[in-house]
Amino acid sequence: MPGGRLSHQDRLDIAAGLADGFGYAEIARQLQRPTSTISREVARNGGAGGYRADHAHYATASRARRRRPDEGRRTAGTSRLGDPRAAYVERFAEMMVDGGLPRMASRVLALLYTSDSRTLTAADLVRELWVSPASISKAIGYLERVGMVHREPDPERRLQHYVIAEDVWLKAWEISARTNFNWAETAAEGVDLVGRDTPAGERLTQMAEFFQRLSEDMSGGAGFQDCLSVLAVLWKADRLLSPDELATKLDWLVERVTDAVDYAVKAAASGAGGE
């Protein structure tokens, strides 16, 4: 049975077979090729209703030229040999993995953060990280859910460009704080289940208290969160807003706004005094 790549004549025969209404299996028998080869060829180049032999042949040649010379020798997750920048991306991603971020999401975020381009498409990410489109889609979905990445549509082509959120590291901090809070909550539930006076209850109590303190230290409490909300509104505004205007935009009482501003002033004064 012939092997290797499909020739131009093979593609002409495929197009003729499709035009005559033959199925993939029949075309494969005529060309002495696996049925899967024919089905992939047709699906990759317009489907049964849009397959054109010349277009398919030139498109395949173009894809082959775009592949890197060492593509066949690489494995997913490895960095390009001798490329310090690619190696750095992997080390950067590994650091985020150690911090609790999923591995593929870490690799995508590291690449976005170190790219010279402001945005990258899914195809860019697949090509640079040498992974499947499905892996990229899953990682992007996670990063979008936690607010670390957002997408921008291409006005000219049917593409999605992915962009790092401006407050990405604040988002990462909030995720860590939320994770610690969940640890504390889960441990507290265990205490209620097994009883505080049991050996397991004592261990779970210590765990709950530790992660509760850690979560509170990281989140800064309600005053810190309110302060961030006020700063976010002020950042987007084109002028300085009054407490009444801030309260309207945030749907808060004015007293809550003034408390958040007081918190920010005291925190700034404390920071200045400690320098």
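Residues numbered from 1 in each chain as written. Predicted model: local features only at pLDDT ≥ 70, side-chain atom pairs only at ≥ 80, totals over all residues. Heavy atoms only, no water.

### Topic: the nonpolar core
The nonpolar side chains of a soluble globular protein tend to be buried, and buried together.
Item 1. Residues Val 108, Leu 109 and Leu 125 are the most contacted members of the largest nonpolar core, which totals 25 residues.
Item 2. Taken together, the elements giving at least two residues each to this core come down to α5 (84–98), α6 (103–114), α7 (122–129), α8 (133–145) and β3 (160–164).
Item 3. With six residues, α6 is the largest single contributor of residues to this core.
Item 4. When residues no more than four places from it in sequence are discounted, the contact partners of Leu 125 are Val 108, Leu 111, Leu 120, Trp 130, Ile 136, Ile 140 and Tyr 162. (Core = buried A, V, L, I, M, F, W, Y, C linked by side-chain atoms within 4.5 Å. Buried < 20%, exposed > 50% of the residue type's maximum accessible area, 1.4 Å probe, protein only. Helix = DSSP H or I, 4+ residues; strand = E, 2+ residues; numbered from the N terminus. Contact = heavy atoms within 4.5 Å.)

### A closer look at the packing of helix α2 (residues 24–31) against helix α3 (residues 35–44)
Item 1. Put simply, α2 and α3 touch, their axes get as near as 8 Å, and they point 115° apart. Seen from above, α2 lies across α3 with right-handed handedness. Touching Tyr 24, Ala 25, Ile 27, Ala 28 and Leu 31 of α2 are Thr 35, Ile 38, Ser 39 and Val 42, all from α3. (Axes fitted to C-alpha atoms, helices over the stretch in contact; angles between N-to-C directions. Left-handed = near helix turned anticlockwise from the far one by under 90°.)

### Focus on the packing of aromatic side chains
Item 1. All chains considered together, the criterion is met by four aromatic pairs.
Item 2. Aromatic side chains Tyr 88 and Phe 92 sit 5.8 Å apart centroid to centroid with 45° between the ring planes, which places their arrangement in the tilted category. Highlighted residues: Tyr 88 and Phe 92, both in helix α5, separated by four residues, approximately one helical turn.
Item 3. Look at Phe 210 and Phe 211: their rings are 5.1 Å apart centre to centre, the planes differ by 85°, and that puts the pair in the edge-to-face class. (Phe/Tyr/Trp six-rings, centres within 6.5 Å; stacked < 30°, edge-to-face > 60°.)

### Here we look at the pattern of salt bridges
Any two side chains of opposite charge can pair if their charged atoms end up close together.
Item 1. Counted by the stated rule, this structure contains ten salt bridges.
Item 2. Taking the shortest distance from any N to any O, the salt bridge between Arg 11 and Glu 41 comes out at 2.8 Å. Placement of the pair is Arg 11 in helix α1 (residues 8–19) and Glu 41 in helix α3, with a sequence separation of 30 residues. We note that Arg 11, like Glu 41, is buried.
Item 3. The partner of Arg 239 in a salt bridge is Glu 245, and the shortest N-O contact between them spans 2.8 Å. (Salt bridge = Lys/Arg side-chain N within 4 Å of Asp/Glu carboxyl O.)

### Concerning α5
Item 1. Between its first and last C-alpha atoms α5 spans 21 Å; for 15 residues at 1.5 Å apiece the expected length is 21 Å, and the two agree.
Item 2. Of all the positions in α5, only Ala 86, Val 89, Glu 90, Phe 92, Ala 93, Met 96 and Val 97 are classed as buried. Around the axis of α5, the buried residues are gathered within 160° of arc, so they sit on the same side. Seen from the buried face of α5, the exposed residues on the opposite side, beyond 90 degrees, are Pro 84, Arg 91, Met 95 and Asp 98.
Item 3. One or two positions beyond α5, positive phi appears at Gly 100, with a value near 110°. (Expected span 1.5 Å × (residues − 1). Arc of directions from axis to C-beta.)

### Regarding the pairing of strand β2 (residues 149–153)
Item 1. Both β2 and β3 contribute to a ladder of five bridges, which runs antiparallel. Pairing of Pro 153 across the sheet is with Gln 160, part of β3.
Item 2. Linking β2 to β3, which pair antiparallel, is a turn of six residues. (Pairing = 2+ DSSP bridges.)

### So, the pairing of β3
Item 1. Counting buried residues in β3 gives four out of five residues, a clear majority hidden from the surface.
Item 2. Pairing geometry for strand β1 (residues 120–121) and β3, over two bridges, is antiparallel. Bridged to Thr 121 within β3 is His 161.

### Notes on the confidence of the model for the chain
Item 1. Of all residues in the chain, 82% have pLDDT values of 70 or greater, and the mean over the chain is 80.
Item 2. Confidence drops under a pLDDT of 50 for residues 68–79, and excluding neighbours within four residues, the segment shows 17 contacts in the predicted structure.
Item 3. Low pLDDT, under 50, characterises residues 271–275; the predicted model gives this stretch zero contacts beyond four residues in sequence or across chains. (pLDDT = per-residue confidence, 0-100.)

### A short note on the environment of Ala 56
Item 1. On the secondary structure map, Ala 56 appears in helix α4 (residues 53–66).
Item 2. As for Ala 56 and Glu 41, which are separated by 15 residues in sequence, their C-alpha atoms are 8.1 Å apart.
Item 3. Once residues within four sequence positions are removed from consideration, Ala 56 is found in contact with Arg 11, Glu 41, Asn 45 and Tyr 51.

### Comments concerning the sheet that holds β1
Item 1. Taken together, the three strands give an open sheet; going across it, the order is β1-β3-β2, and neighbouring strands pair in antiparallel fashion. Strand pairing shows two members of the sheet lacking a second neighbour, β1 and β2, which therefore form its edges.
Item 2. Each of β2 and β3 is contacted by α8, which is oriented at about 110° to β2, the strand it contacts most.

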